[in-house]
Amino acid sequence: MKKIIAVTEGDGVGKEVIPEGIKVLNLINDYMEFDFEFKEAPAGGAVWKQCGESLPEKSFETIKTSDALLFGAIGIPGLPQGVAEIAILNIRQGLDLYVNLRPIKLYGALRDRCPLKEEFIGDGIDIYFVRENTEGLYKNIGYLKDDEAENIMRYTRKGCERIIKYAFEFAKRKGHTKITSVDKANILKPSQLWRKIFHEISSEHSDIQAEDIYVDAFCQWLIRTPYSYQTVVTGNMFGDIISDEGAFLIGSLGMASSGNIHPGKVSMYEPIHGSAPDIAGKGIANPIGTILSVKLMMQESFNNQDLGNEIENAIEDALNEGRTIDIQNPSIKTLSTNEMGDLITEKLKIRLKK
Ligand code: IPM
Ligand code: MN
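The structure contained in this document is the topic of the report that follows. (Residues numbered from 1 in each chain as written. Chains lettered and ligands numbered in written order. Predicted model: local features only at pLDDT ≥ 70, side-chain atom pairs only at ≥ 80, totals over all residues. Heavy atoms only, no water.)

## Things to note about the site of ligand 1
Going by this rule: Here a residue counts as near a molecule or strand whenever at least one of its heavy atoms sits within 4 Å of it. Distance and chemistry together define a polar contact, namely a pair of N or O atoms within 3.5 Å, with one atom able to donate a hydrogen and the other to accept it when in protein, and with adjacent residues in sequence counting only for side-chain atoms on both sides. Secondary structure is summarised from DSSP: a helix means a run of H or I of at least four residues, a strand means a run of E of at least two, and numbering begins at the N terminus for each.
Within the structure, ligand 1 sits among E85, I88, R92, R102, R131, Y138 and D240. Take R131: an N or O atom from its side chain is 2.8 Å from an oxygen atom of ligand 1. Separating an oxygen atom of ligand 1 from a side-chain N or O atom of D240 is a distance of 2.8 Å. Counting residues per element, the shell around ligand 1 draws most heavily on helix α4 (residues 85-94), at three residues.

## Digging into the pattern of salt bridges
Let me state the cut-off plainly: The rule for a salt bridge is simple: a side-chain nitrogen of Lys or Arg has to be within 4 Å of a carboxyl oxygen of Asp or Glu.
If you walk through the whole model with that rule in mind, you get 22 salt bridges. The residue K64 makes a salt bridge to E61 at a minimum N-O spacing of 3.5 Å. Of this pair, K64 and E61 both sit in helix α3 (residues 57-64), three residues apart, which is roughly one turn of the helix. For the salt bridge of E312 with K295, the shortest nitrogen-to-oxygen distance reads 3.0 Å.

## Points about the nonpolar core
Inclusion rule: We call a set of buried Ala, Val, Leu, Ile, Met, Phe, Trp, Tyr and Cys residues a nonpolar core when their side-chain atoms join them within 4.5 Å. Only protein chains enter the accessibility calculation, which uses a 1.4 Å probe; a residue whose area is less than 20% of its type maximum is buried, one above 50% is exposed, and one in between is partly exposed.
Of all hydrophobic cores here, the largest spans 82 residues; its most connected members are I28, L101, I164, F218, I288, M298 and I311. Broken down by element, this core gets its largest block of residues, eight residues, from helix α6 (residues 157-173). By size, the runner-up hydrophobic cluster in this structure holds 19 residues, among which are I63, V83, A87 and L95.

## Comments concerning the layout of surface pockets
Applied cut-off: Both cavities and pockets are sets of points on a 1 Å grid over the protein atoms alone; in a cavity a 1.4 Å probe fits but cannot get out, in a pocket the set is open with protein on both sides within 12 Å along at least five of seven lines, and lining residues sit with an atom within 4 Å of a point. Grid points are joined across faces, edges and corners, and a volume is the space filled by probe spheres set on the points. Here the term charged refers only to Asp, Glu, Lys and Arg, the term nonpolar to Ala, Val, Leu, Ile, Met, Phe, Trp, Tyr, Cys and Pro, and the term polar to all other amino acids, Gly among them.
Taken as a whole, the largest pocket encloses approximately 410 Å³ of empty space. Counting residues per element, the ones that place at least two in the lining of the largest pocket are β3 (68-73), α4, α9 (236-249) and β12 (267-271). Element by element, the count of residues in the lining of the largest pocket is highest for α4, at four residues. Of the pockets and cavities examined, the second largest pocket occupies roughly 260 Å³. Lining the second largest pocket are Q81, G82, E85, I86, L89, L137, Y138, N140 and M237. In terms of residue count, the dominant contributor to the lining of the second largest pocket is α4 (three residues). Classifying every residue of the lining of the second largest pocket gives five nonpolar, three polar and one charged.

## A short note on empty space enclosed by the protein
Scanning the entire structure with this criterion turns up two cavities of 30 Å³ or more. Roughly 100 Å³ of internal volume is contained in the largest cavity. As for the largest cavity, its lining consists of 13 residues, and the residues nearest its centre are P103, Y107, S257, L292 and E312. Of all elements in the fold, only β4 (99-105), β5 (126-132) and α10 (288-301) reach the threshold of two or more residues within the lining of the largest cavity. Residue composition of the lining of the largest cavity, by class: eight nonpolar, one polar and four charged.

## Things to note about the environment of I311
Heads up, the condition is: The contact rule is simple, with two residues in contact once any of their heavy atoms fall within 4.5 Å.
As for its placement among the helices and strands, I311 is situated in helix α11 (residues 305-319). Since its relative accessible area comes to 1%, I311 is described here as buried. Residues I311 and K347 lie 36 residues apart in sequence; the distance between their C-alpha atoms is 8.8 Å. Residues contacting I311, with those up to four places away along its chain left out, are V24, I28, I291, V294, K295, M298 and L348.

## Some remarks on the side chain of K3
For clarity, the cut-off: Counting rule applied: Lys, Arg positive; Asp, Glu negative; His and chain ends not counted.
Tracing the backbone through its elements, the reader meets K3 in strand β1 (residues 2-10). For the buried K3, no salt bridge exists, and the shortest N-O distance to an oppositely charged side chain is 4.8 Å, to D67. Apart from residues no more than four positions distant in its own chain, K3 is found in contact with F34, D35, F36, E37, D67 and F302.

Written as structure tokens, this is what we have:
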């Protein structure tokens, strides 16, 4: 099955982690019925410096005509605020990627890396954040004058319905029994619309327990009872914030992956960490967020659940033998980015050969 994958390494550690994702894709190429072709789509801060645009038209054209996009991270020190980030927002808006799927899973091997006490980890952490990805404060309506600035949080029925429906379908697919909607309906009008629509849609899904919670309270409960959440659906800005909080619970931001998805259309997969200029070029970045993004690509864009599960299993195998510095353990070998990618690929090869 021929699939064209657009690749944006971006800036900083993006250039180090993406090759590890490609390694995994190349292995899949060798062992499965896939035939991946990679096409570079340069974007980010360095590109902005060269040509004044962080997402050149040519790159967007490459992305639009591919089957999926694997994206690293963008941003370099010294740029004006926001110019690199615009590339991500333009891809999300330009491809109408209204779902931002962000899994937060604490692997057994990393329980000791979770900053919470054992009693708060309970049965473990395995949450899927479903973040609305095209509306709200991120729609880029707004201005900054000398002493005044404004952004508008606008949500539409269409925008709320499609993401909430997706979240219910997703929860069902994962066998979840509960879905949590996070909003600020005691204050914000868009949240009142959101909550109304959440209740409408939940009434069509009597098999899934639906609860809503204000975002401030959710931030508290996420570190007190993280084991109690399954699918969590929320708006764009809240989703940005709570997914970073969640990512810390799984040991390292370097472990967190994401999919910017429009079901059935070209979608974008990226680790949720940034370009990390402080550690870039040292070969120590954790490639697992990227490799888990490849897993999501296989499952959400290429409809191969089993392969995605095997990638995840290979990562768990590898974590017992070697780890990058951000998740290091004194009794386990510390590996470079490249070595971590090699170890995971080796573990996956054993699994795919079976
Ligand atoms: C993320 C990032 C982006 C966001 C930035 C880089 C535009 O923080 O993917 O969470 O705010 O959505
Ligand atoms: Mn973020």
